Amino acid sequence: MASLDQKSPNVLLQSLCCRITGKSEAEVAHQFQYAVRVIGSNYAPTIERDEFLVSEKIKKELLRQRREADAALFSELHRKLQTQGVLKHRWSVLYLLLSLSEDPRKPSSRVGNYGALFAQALPRDAHSTPFYCTRPQSLALGYGERSAGLSGSVGTSGISSLGVYTLNGPTPTAQSLQAGPPPLSAAAGTQSLGSRLAWALPISSSPSAIMAPPTTRPPLGPQVPNTRAVRPRRDGDATGEVSEAALVRDILYVFQGIDGKFVKMNAQDNGYKIDNKVVLCKSLRDISSRLAELGWLHNKVRKYTDARTLDRAFGLVGQSFCASLHQELKEYYRLLSVLHSQLQVEDEQGVSMCTENSLTLRRLLVWMYDPKVRLKTLAALVDFCQGRKGGELASAVHSYGKTGDPQMRALVQHILSLVSNPILNFLYRWIYDGELEDTYHEFFVASDPNVKTDRLWHDKYSLRKSMIPSFITMDQARKVLLIGKSINFLHQVCHDRTPPGKITPASKPADTPKDAAELLSDLEGAFQEKIDAAYFDTSKYLLDVLNRNYLLLEHLKAMRRYLLLGQGDFIRHLMDLLKPELARPATTLYQHNLTGILETAVRATNAQFDNAEILKRLDVRLLEVSPGDTGWDVFSLDYHVDGPIATVFTRECMGHYLRVFNFLWRAKRMEYTLTDIWKGQMCNAKLLKTMPELSGVLHQCHILASEMVHFIHQMQYYITFEVLECLWDELWSKVQQAQDLDHIIAAHDVFLDTIISRCLLDNNSRSLLNQLRAIFDQIIEFQNAQDSLYRSALEELTLRLQFEEKKQQREEEGEWGVTAEQESEEKRRIQEFQDTIPKMRSQLRILTHFYQSIVQQFLVLLMTSPDESLRFLSFRLDFNEHYKAREPRLRASLGATRGRRLSNI
């Protein structure tokens, strides 16, 4: 680590002398003493300590040496140095470099012999710039006056922004195009700025006089400039070559898109060209061509604005874009007026082109560098925005702001603040008042006036994705859509007359481009907070109205209790009451009879304690009748919905509820049927013990009934607990956490779609549903077969009991119990009955075979299902592996089945 002595100013100064001269410490003793004497003196330059003036002087020196590329590079590097803030005394560093480069004792324009430089004496009154003895009366004398005068002449967007010029400062140039305060007066500002630009040009001697070493010490006082001959500007010289002054005047016209005398628009090449017949040196021709590009860029921007300004279909956003381009062109014109005034002053004063104070092409090339970059950005923006309008246009402008150039980014952000102002006004009007006044379809929220009120929430309002500005996220756009849609839904569907201002307090809108710029600069902060506040307040109020005034959650519970068979006592009692009616053919049913039975079931169960608003919506519905249908096939419960709740329970949703109810009603009927079968078996078991020939058939009936009971119980468990209860719990949790109505609708749709899928009602499960319906049909056939068996058996049992009773009665009367004829008749009848038993047994065997084959195919389909819950259901249905032993495809493990399914995919 360096010690304090090594960091002292003397040590550092001696090291600097050694570094510059390339000598040892002992050899630079004289130079070191001279440097100490210079630093310790009280001499100061006669110019203001203005960094801008020094940088402009350096650029002017580079231009004088015909090093335009170095001047442009220096300007760019100086701007970067200003933005970084690494050096605190940039003016001192630049002044040192300028002093080294302009010292009259150096043999060339470059610092070559540093030893000779330090060996010479320093003039006591050395100046970095010449000094005038006289000033024009129009120029402010004091620094404060000059600064005050300048503030009134700087443009708003910065194309004409010129720095503070001191009296002895260098020729001014156009600064980096940054936003500044608005002009006080355009005419006065331009005139004063042009006067300063004209008089700020220093008058110096010829280059040879500057480079020659002085022979005597200059006087202490300011020098009086030598008398110079006044030479008027001419378009050419004796050789016929066009003068630079004439080209400068032409170029100033070309900057405005006006053909000059020598530089004219070439329609074939689409650019400004100098006629090849004009005698002109190559360097001036090249510089003129480079400068003429500004005229082409100006024409491109001006043509776009002129074509679009009067186009009403372009919309408010497009007009704002044109206004921003007009504003930029206005600042560009302001700079041109300064240059024209400078040219006019030179003509009046008779400044010759051979002096370094005059307006030359090289100076124009440096001064117009920033305006050219700015116009290039505007022209590229115009090209990119062709054919765009509204939010799409704002997205195009915003995309150009993603650049590392701070000047270009500031320009695009300024344009974007103007372009986005109408969009933000649309947005605030929509989220705070629910009004959509988008005549030219520029906003990203679209409205369909043909949609009726009952479909307002779903179809009337939508997002135009192409019109969503890129600085607004899709989540923000969705929230904006929901806010305005909620306000209109409250007014038009819910008939709620609460003013929007009481639902959510309106914040300050973006009335001006400045407000829009502040809002765009904090999209994730203030803008997001405004959207979120309006979204949460409006959505919460809408849900409160639906739950409080329209009982949305109560209707949701009613759907679960009645259409999804959640009210067990009501469903069981209703099925008991409907059994006689539904056993009849479907064509003989009357809806008013079924409605009366429904009301009886409601009054006899806990359903009577429900809200009257819910019970009056419960009704009976008969489906379309097909030939051979019974009442069980066409009966269905219905639930009437209207008003705001119809937004959640749409016609499609009610269709899903109807399909699910029919499936659950049929499954419940199978459970009800098997209960009757079991009751019949239990009641008739003792009665038929006296008929041993039926034991085998009855045993076969018991086994088949047990299989069916097991199957239906497992299916009912799966449907009730694994499907309905689990999905209902998820739905209720989502509804309680829902932030807006769309969340409730989405959760409800997912609930119904999942039920449809897991209850085998979707298109992918059609084969499974067909197998399940075939199993249900086999259960009905089994019930009919068993009823027929018991009916025949009980008839035979009754006849046998009657025969025995008659026989016993005759024996008690002292007569023969039966005659031979009666006994043979009885034996013949018993034999006929016994002959029917094999037929019954074969019928049951066939029924069992069909049933087991259908169940086996059903299990195979379950094993290959993509739903894991259905695959686990197959294990419960075949808990004793009876079907697994018969079917090899059921022997694969769950992991192997899953792997095979994935490989097939």
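Figured I'd write up the structure that's included with this text. Note that this is a predicted model, so its numbers are computed, not measured. (Residues numbered from 1 in each chain as written. Predicted model: local features only at pLDDT ≥ 70, side-chain atom pairs only at ≥ 80, totals over all residues. Heavy atoms only, no water.)

## As for the packing of aromatic side chains
Stage number 1. As enumerated under the stated definition, the model contains 19 aromatic pairs in all.
Stage number 2. Taken together, the ring pairs connect W632, F635, F661 and W665 into an aromatic cluster.
Stage number 3. Cation over ring: R308 sits above F314, and NZ or CZ is 4.6 Å from the ring centre.
Stage number 4. Against the face of F384 rests R388, its NZ or CZ located 4.5 Å from the ring centre. (Phe/Tyr/Trp six-rings, centres within 6.5 Å; stacked < 30°, edge-to-face > 60°. Lys NZ or Arg CZ within 6 Å of the ring centre and 35° of its normal.)

## A word on the pairing of strand β6 (residues 635-639)
Stage number 1. Within β6, 5 of the 5 residues are buried, leaving the element largely enclosed by the surrounding structure.
Stage number 2. Both faces of β6 are covered, namely the face carrying F635, L637 and Y639 and the face carrying S636 and D638.
Stage number 3. Of the strand pairs in this sheet, strand β5 (residues 618-622) and β6 are connected by 5 bridges, and their pairing is antiparallel. Directly across from V620, in β6, lies its bridge partner L637. (Buried < 20%, exposed > 50% of the residue type's maximum accessible area, 1.4 Å probe, protein only. Helix = DSSP H or I, 4+ residues; strand = E, 2+ residues; numbered from the N terminus. Pairing = 2+ DSSP bridges.)

## Thoughts on helix α10 (residues 244-254)
Stage number 1. When you tally the buried positions in α10, you get 9 out of 11 residues, the bulk of the element.
Stage number 2. Residues E244, A245, A246, L247, V248, D250, I251, L252 and V254 constitute the buried set of α10.

## Looking at unusual backbone geometry
Stage number 1. For N270, which is not glycine, the phi torsion reads 55° and is therefore positive.
Stage number 2. Summarising the element assignment, N270 is placed in the loop between β1 (263-266) and β2 (271-274).

## Quick look at a positive patch on the surface
Stage number 1. Together, R659, R666, R766 and R773 give the surface a local cluster of positive charge.
Stage number 2. Listed by contribution, the elements that provide at least two residues to the positive patch are α27 (651-685) and α30 (766-812).
Stage number 3. Inspection of the secondary structure puts R766 in helix α30. (Patch = residues over 30% accessible without salt bridge, like charges linked within 9 Å, V, L, I, M, F, W, Y side chains within 5 Å. Areas by Shrake-Rupley, 256 points an atom, 1.4 Å probe, with all protein chains shown as cover. Salt bridge = Lys/Arg side-chain N within 4 Å of Asp/Glu carboxyl O. Lys, Arg positive; Asp, Glu negative; His and termini not counted. Charge placed at Lys NZ, Arg CZ, Asp CG, Glu CD.)

## Focus on the packing of α30 against helix α31 (residues 820-863)
Packed helix pairs are specified by the crossing angle of their axes together with the interaxial distance, meaning the distance between the axes.
Stage number 1. Following both chains from N to C, one finds α30 and α31 inclined at 165°, their axes separated by 10 Å at the closest point. With respect to their mutual orientation, α30 and α31 come out roughly antiparallel. Judged by the twist between their axes, the crossing of α30 over α31 is left-handed. (Axes fitted to C-alpha atoms, helices over the stretch in contact; angles between N-to-C directions. Parallel < 35°, antiparallel > 145°, perpendicular 65-115°, else oblique. Left-handed = near helix turned anticlockwise from the far one by under 90°.)

## Structural notes on the packing of helix α15 (residues 390-400) against helix α16 (residues 406-433)
Stage number 1. In contact at an axis separation of 9 Å, α15 and α16 are set at 160° when each is read in the N-to-C sense. Between α15 and α16, the angle falls in the class roughly antiparallel. Where α15 crosses over α16, the two elements pack in a sense that is left-handed. Touching G390, G391, A394, V397, H398 and Y400 of α15 are V412, I415, L416, V419 and I423, all from α16. (Contact = heavy atoms within 4.5 Å.)

## Digging into the nonpolar core
Stage number 1. If you look at the biggest cluster of nonpolar residues, it comprises 213 residues, and the most contacted ones within it are L364 and F570.
Stage number 2. For this core, the element with the most residues is helix α28 (residues 695-737), which contributes 17 residues. (Core = buried A, V, L, I, M, F, W, Y, C linked by side-chain atoms within 4.5 Å.)

## Quick word on the pattern of salt bridges
Stage number 1. Applying the stated criterion to the full structure yields 47 salt bridges.
Stage number 2. E693 serves as the salt-bridge partner of R800, at 2.9 Å between the closest nitrogen and oxygen. With a gap of 107 residues between them, R800 in helix α30 and E693 in the loop between α27 and α28 connect regions that are remote in the sequence.
Stage number 3. The buried category is assigned to R800, whose relative accessible area is 15%.
Stage number 4. Its relative accessible area of 19% is what places E693 among the buried residues.

## Some words on a nonpolar patch on the surface
Stage number 1. Together, V86, L87, V93 and L97 give the surface a local cluster of nonpolar side chains, amounting to about 350 Å² of exposed area.
Stage number 2. Mapped onto the secondary structure, V93 falls in helix α5 (residues 90-102).
Stage number 3. Overall, the relative accessible area of 40% leaves V93 in the partly exposed class.

## A closer look at the environment of G568
Stage number 1. Along the polypeptide, G568 turns up in helix α23 (residues 568-582).
Stage number 2. For G568, a relative accessible area of 44% translates into the label partly exposed.
Stage number 3. Sequence separation of G568 and T605 is 37 residues, and the distance between their C-alpha atoms is 9.6 Å.

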